[in-house]
Amino acid sequence: MTKSVRKNTEQYLHLYKQMVRIRTFEENANQLYLNAKMPGLTHMYIGQEAVAVGICEALDSTDRITSTHRGHGHCLAKGAEFKQMFCELLGKAEGYCRGKGGSMHIADQDNGNLGANAIVGGSMGIATGAALSAKLLGTKTVAVCFFGDGATAQGLWYEVMNMAALWQLPVIYACENNGYSEYTPTSEIAAGSLKARAEAFGIESHKVDGQDVLAVHALTQGLVNRLRNGEGPFFIELETYRYHGHHVGDINRSYYRTKDEETAWQKDRDPITNFGRWLEEQDIASSEELSEIISGIHAEAEEAVQYAIDAPYPNHDEVDTHVFAGVKHALPYISGDSNGS
Amino acid sequence: MDREITHSQAVNEAIAEEMRRDSTVILLGEDVAEAGTPFKVLSGLVEEFGTERVIDTPIAEPGFMGIAVGAAMTGMRPIVDIMFGDFLFLIMDQLCNQAAKTHYMSGGKLNVPLVVRTNLGATRRSAAQHSQSLHALVAHIPGLKVALPATPYEAKGLLKTAIRDDNPVVIFEDKLSYQMKGNVPEEEYLIEFGQANLLREGNDVTLIGTSSMVQTCVAASDLLAEEGMSAEVMDPRTIVPLDERAILESVRKTSRAVVVDEGHQNYGITAEIAARISEKAFYHLDAPIIRLGAMDVPVPFSPALEDLTVPTPELVAEKALSICRGELVHDA
Ligand SMILES: Cc1ncc(C[n+]2csc(CCOP(=O)(O)OP(=O)(O)O)c2C)c(N)n1
Ligand SMILES: [Mg+2]
């Protein structure tokens, strides 16, 4: 074992744990859907864990991220807890958003997650704005904007990249290219090269294997350090794959991608399996230790799921709270009761 | 001859028939081709009409909406698929500043014959950005026609009319009703815009419901019947144009009105219809007009909260009963 490997043991194990936490969370969320315990639909992050973890491990909790409809992974990687997340997915009062947001709007302000977004591309302005305020306030914090390959079609991205480049904002545009935009391959919705699009604005751009957590982390860490020193913005394209359907209800996928393709990614390029093997090869952890990590996380998830199932729904009188900041109840307020009480 | 098909099949048939009839009709939107949209409403169309006319777009609503406007001005009749009504906000400039005003600004020289097909409706547990009913927003803009089908029959007939119209038309389908079945004739038919449908005749109160709220009003009229009240139920079918004559005629007969719509109540469709009744049938009224829209909050995710935000048959019946009984509905 080299010296640097030993020094980083704790961090390596943390990367591993975080990826396992995401996968475990998602497997449970999927099960909740299949058992009809979860209202609505949700989009699974399974397969893409190394992206969220590799990037978020390079960030402090005061750094901001914006997330997508496929947002559970980003939320966990940025430090969120199982219990409050499962509560949110089930619409319970103890959820991160008091049950008002659900899976597609999960946010965790305390850890710098400004929220998932159900509008594809909808967070690109928000992340760039967070970078503007970091610059103006002199906080030395950075912002990361997660989005999919499909979202690169939204014009908003080009508008904000232009301004971010002009104003040298501390933001990383992180495009998770999982090969599909809903049921359509990326090649059919994206002309030319994504990287070249960012480069056209003079933005330094990188492409990285999104299944290799160490590569993602090392690249991001370097870019984050440079952002803190006033450089930026940057663009990263992360090559990755979602194992499940576009959402939990997308079961029959053969009309848009093959079983062979799905199997190949899972067999050869699984971020958790491959990193686990590397940890063993480097003598950082034995397979028993890794199994223990996994079973500990499974137990924690099981408990959190039960907790969320048993947790109460919000009271009915919460339905018109939080519509306006500083107003308790919106309904009396909009009719002129200035206290809104 | 009548047969039962789903709302979704009715939409599909309307588009297929019009595409067969008129080769300038094209369809644009996200995953409209092989996938047939996430609601599977358009399945089979690409097989018949090919990818030249059933066009999968990138996720770029303002872009493909703009392209549709330009194509409509130059010889095509595009149907633009906006997957969720909530995404209307992304195309507002192209729809409201461009499509809606072109005919007027050109002194009648340019037409924009296009259809925006989208949807409305909450209670699918889809939260605040996938549950809105935004028809009032577009109804506010002169130059746009707005249709709100409530049954498979209306879905087909109104959509065919929309496709043949020389103006931009926005048609909102109730996304909870895609699998709902109803009678649809085998023979071709169109439904004229601005013709309300009287679903139930009654004497005590008129329930005016749109889209998803039509069935709510029908169910409310059943509840009212149990209380010995007879309600007239009316579905305007289009809100621009609005069949004011039919609405006023009914209210003059019953002297009372409850207006129910799934858009937000504040500054919404219910307000517009209630205002027209009070302006034009004031002396026939025996009670204040009741408006029931979606609660004026963003649609919450939690089922415990979401269900509180949409009018129910019980609520409609309760309000109708109270005005029928002359109870004071509002605080003095
Ligand atoms: C403005 C907008 N248009 C369309 C949709 C519907 N939609 C949700 S996810 C999605 C595909 C997004 O693809 P991508 O950005 O690659 O993310 P992925 O799902 O692959 O993570 C689409 C079209 C939406 N939510 N918002
Ligand atoms: Mg994608």
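Residues numbered from 1 in each chain as written. Chains lettered and ligands numbered in written order. Predicted model: local features only at pLDDT ≥ 70, side-chain atom pairs only at ≥ 80, totals over all residues.

Asker: I would appreciate a short explanation of the site of ligand 1 in the present structure.
Answerer: The immediate surroundings of ligand 1 are formed by 22 residues, with Val120(A), Gly148(A), Gly150(A), Ala151(A) and Ser181(A) found nearest. Lying at an intersection of chains, ligand 1 is approached by residues of chains A and B. Secondary structure elements with two or more residues in the shell around ligand 1: β2 (143–148) and β4 (180–181) of chain A. (Near = placed C-beta within 6 Å. Helix = DSSP H or I, 4+ residues; strand = E, 2+ residues; numbered from the N terminus.)

Asker: It is not clear to me how the confidence of the model for chain B should be interpreted in this structure. Could you clarify?
Answerer: Interpreting fine coordinate detail is not advised for predicted regions of low pLDDT. Residue and element names in this part refer to chain B. A residue-level look at chain B finds 98% of positions with pLDDT of 70 or above and a mean pLDDT of 97. Taken element by element, the predicted model of chain B shows its lowest mean pLDDT in strand β1 (residues 2–6) (92) and its highest in strand β6 (residues 145–147) (99). Model confidence for the complex is summarised by a pTM of 0.96, with the ipTM given as 0.95. (pLDDT = per-residue confidence, 0-100.)

Asker: In this structure, what is going on with the interface of chain B and chain A? I would like to understand it.
Answerer: A common way to express how large an interface is: the accessible area buried when the components associate. Between chain B and chain A, the contact holds 30 residues from the first and 36 residues from the second. For the side of chain B that touches chain A, the secondary-structure elements that each account for two or more residues are α3 (61–73) and α10 (303–306) of chain B. Ranked by residue count, the leading element in the side of chain B that touches chain A is α10(B), at 3 residues. Classifying every residue of the side of chain B that touches chain A by side-chain character gives 16 nonpolar, 7 polar and 7 charged. (Contact = placed C-beta atoms within 7 Å. Nonpolar A, V, L, I, M, F, W, Y, C, P; charged D, E, K, R; others polar.)

Asker: Mind showing me how you'd approach helix α9 (residues 269–280) of chain B here?
Answerer: Three or four residues apart is the spacing at which side chains of an α-helix point the same way, because the helix has 3.6 residues per turn. An ideal rise of 1.5 Å per residue puts 16 Å on 12 residues; α9(B) measures up with 17 Å between its terminal C-alpha atoms. Tucked inside the fold, the buried residues of α9(B) contact α5 (135–139), β10 (205–209), β12 (238–240), α8 (244–254), β13 (257–264) and β14 (290–294) of chain B. (Expected span 1.5 Å × (residues − 1).)

Asker: What am I meant to see in the pairing of β10(B) here?
Answerer: Side-chain direction in a regular strand flips from residue to residue, so the side chains alternate between the two faces of the sheet. Residues and elements named next belong to chain B. In terms of burial, β10 is a largely internal element, 5 of the 5 residues being buried. Note: β10 against strand β11 (residues 231–235), 4 bridges, orientation parallel. Paired with Leu207 across the bridge in β11 is Val233. Handedness of the crossover joining β10 and β11 through helix α7 (residues 212–226): right-handed. Note that β10 and β13 share 4 bridges and pair parallel. (Buried ≥ 20, exposed ≤ 12 C-beta atoms within 10 Å, placed from the backbone. Pairing = 2+ DSSP bridges. Right-handed = clockwise from strand over helix to strand, strands pointing away.)

Asker: Can you walk me through unusual backbone geometry in this structure?
Answerer: Excluding glycine, residues mostly have negative phi values, and the peptide bonds linking residues are mostly trans. Looking along the chain, the bond that leaves Gly232(A) and enters Pro233(A) is cis, with omega of -5°. Here Pro233(A) shows up in the loop between α9 (213–228) and β7 (234–239). Pro241(B) follows Val240(B) through a cis peptide bond whose omega is 0°. You can see Pro241(B) is positioned in the loop between β12 and α8. The phi torsion at Glu182(A) lies on the positive side, around 55°, for a residue other than glycine. The buried category is assigned to Glu182(A), around which 21 C-beta atoms lie within 10 Å.

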